Amino acid sequence: MFGPMYEHFRERPVHYRAESGSAMPCTDYQMRGIPSGTRIATADGWRSVDMLAIGDRVLTFDNGPQEIVAITRATQFVDDDTAPSFANPIHVPAGAIGNCEPMVLLPEQNVMIESDEAESRTGDPFALIPAKALVGFRGVERFRALRHFDVLTLHCENDELVYVEGGALILAQSTIPGAVATLEEIGRSGRPSPYVAYRGRDAADLVAALAADDALTTGQATAYAAAA
């Protein structure tokens, strides 16, 4: 839709603004959220995250259409020479994790993968890992953005997995950063995602297992072609 995401960050004008209901301040380095221009599956079809508003319904992995109850926005500043490498965004080629188009993720954004290794550990093949754990897998790589860009976070009543760019799944957390609970809200919070979130070495192990499966599949396909 937008062509290479690098071009998206070169050309798209960026303006910071806070959505009604948002309490998230503009910070130097956003580590989670959805970069502007990313397409989200909604009850009305695929729409750019920039075009969504409170009250719109997004399609979720577990619970069908769910209403957006808040949107938080910030700007990612990563285009100067002093920006830390840990904050660099992640480029995900088409097809790497179910996405039909190339897309950009932030390093700490949780994404869903389906893994035999995860199933052997917990009995559930679905698992959440931070996007940074994917670097090196199926062409996923970090890059330095050429300009600032907007980052949006969609919040539903509960934690939900939402579809992005044709089929990838990312976690949209119910918690609103910086929000102050009222007396009525104290003790009441959205349900967390039912999936295990792996980090660090555990996340790296899951991705390594996926890479090994890819290598095995490629080897089998090569052997079949040679025998044909």
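Right, let's get into the overall build of the protein chain. Helix and strand counts for the protein chain come out as 3 helices and 14 strands. Counting over 228 residues, the protein chain shows a buried share of 43%. At a minimum sequence separation of 6, the contacts of the protein chain that also span at least 24 residues come to 68%. Surface accessibility of the protein chain: about 11200 Å² in total, with carbon and sulfur atoms responsible for 53%.

Let us now look at the pattern of salt bridges. Taken as a whole and assessed by the stated rule, the structure comprises 10 salt bridges. A salt bridge links aspartate 205 to arginine 201; the shortest N-O distance between them is 3.6 Å. Note that aspartate 205 and arginine 201 are positioned in helix α3 (residues 200-227) at a spacing of 4 residues, about one turn of the helix. Sharing partners across several salt bridges, the network here consists of Glu117, Arg121, Arg201, Asp202 and Asp205.

Read from one edge of the open sheet, 3 strands run β8-β7-β11, paired in antiparallel fashion. The open sheet is flanked by β8 (103-105) and β11 (141-142), the only strands paired with a single partner. Pairing analysis gives 3 bridges linking strand β7 (residues 90-92) to β8, with the strands arranged antiparallel. Across the sheet, residue histidine 91 finds its bridge partner in β8, namely valine 104.

The subject of this paragraph is a negative patch on the surface. Residues Glu114, Asp116, Glu119 and Asp213 make up a contiguous surface patch of negative charge. Tracing the chain through its elements places glutamate 119 in helix α2 (residues 116-122). Judged by its relative accessible area of 39%, glutamate 119 is partly exposed.

Turning next to the packing of aromatic side chains. The final tally for this structure, using the stated rule, is 3 aromatic pairs. Judged by centre distance (5.4 Å) and plane angle (70 degrees), the ring pair of phenylalanine 61 and phenylalanine 126 falls under edge-to-face. Of this pair, phenylalanine 61 sits in the loop between β4 (57-60) and β5 (64-67) while phenylalanine 126 sits in strand β10 (residues 126-130); the two residues are 65 residues apart in sequence, bridging distant segments of the chain. On the basis of relative accessibility, which here comes to 28%, the residue phenylalanine 61 falls in the partly exposed class.

Another aspect to go through is the pairing of strand β13 (residues 160-164). Every other side chain in a regular strand lies on the same face of the sheet, so the side chains alternate between the two faces. Where burial is concerned, most of β13 is hidden: 4 out of the 5 residues are buried. Here β13 pairs with strand β14 (residues 168-172) via 5 bridges, running antiparallel. Residue pairing across strands places valine 164 opposite alanine 168, the latter belonging to β14.

Here we come to the sheet that holds strand β1 (residues 34-35). With respect to topology, 3 strands assemble into an open sheet ordered β1-β12-β6, the strand pairing being antiparallel. Bordering the open sheet on either side are β1 and β6 (70-76), each of which pairs with just one other strand.

What follows deals with the environment of alanine 133. Assignment of secondary structure puts alanine 133 in the loop between β10 and β11. Expressed as a C-alpha distance, the spacing of alanine 133 and leucine 206, which sit 73 residues apart in the sequence, is 9.0 Å. Here alanine 133 is in contact with Ala203 and Val207, once residues within four sequence places are set aside.

This brings us to the confidence of the model for the protein chain. When pLDDT is averaged along the protein chain, the result is 82; 76% of the residues meet or exceed 70. Confidence drops under pLDDT 50 across residues 1-27; counting only partners more than four residues distant or on other chains, this segment forms 65 contacts. Predicted confidence for residues 181-188 stays below pLDDT 50, and this span has 2 contacts to residues more than four positions away or in other chains.

Conventions used here
- Residues numbered from 1 in each chain as written.
- Predicted model: local features only at pLDDT ≥ 70, side-chain atom pairs only at ≥ 80, totals over all residues.
- Heavy atoms only, no water.
- Helix = DSSP H or I, 4+ residues; strand = E, 2+ residues; numbered from the N terminus.
- Buried < 20%, exposed > 50% of the residue type's maximum accessible area, 1.4 Å probe, protein only.
- Contact = heavy atoms within 4.5 Å.
- Areas by Shrake-Rupley, 256 points an atom, 1.4 Å probe, with all protein chains shown as cover.
- Salt bridge = Lys/Arg side-chain N within 4 Å of Asp/Glu carboxyl O.
- Pairing = 2+ DSSP bridges.
- Patch = residues over 30% accessible without salt bridge, like charges linked within 9 Å, V, L, I, M, F, W, Y side chains within 5 Å.
- Lys, Arg positive; Asp, Glu negative; His and termini not counted.
- Charge placed at Lys NZ, Arg CZ, Asp CG, Glu CD.
- Phe/Tyr/Trp six-rings, centres within 6.5 Å; stacked < 30°, edge-to-face > 60°.
- pLDDT = per-residue confidence, 0-100.

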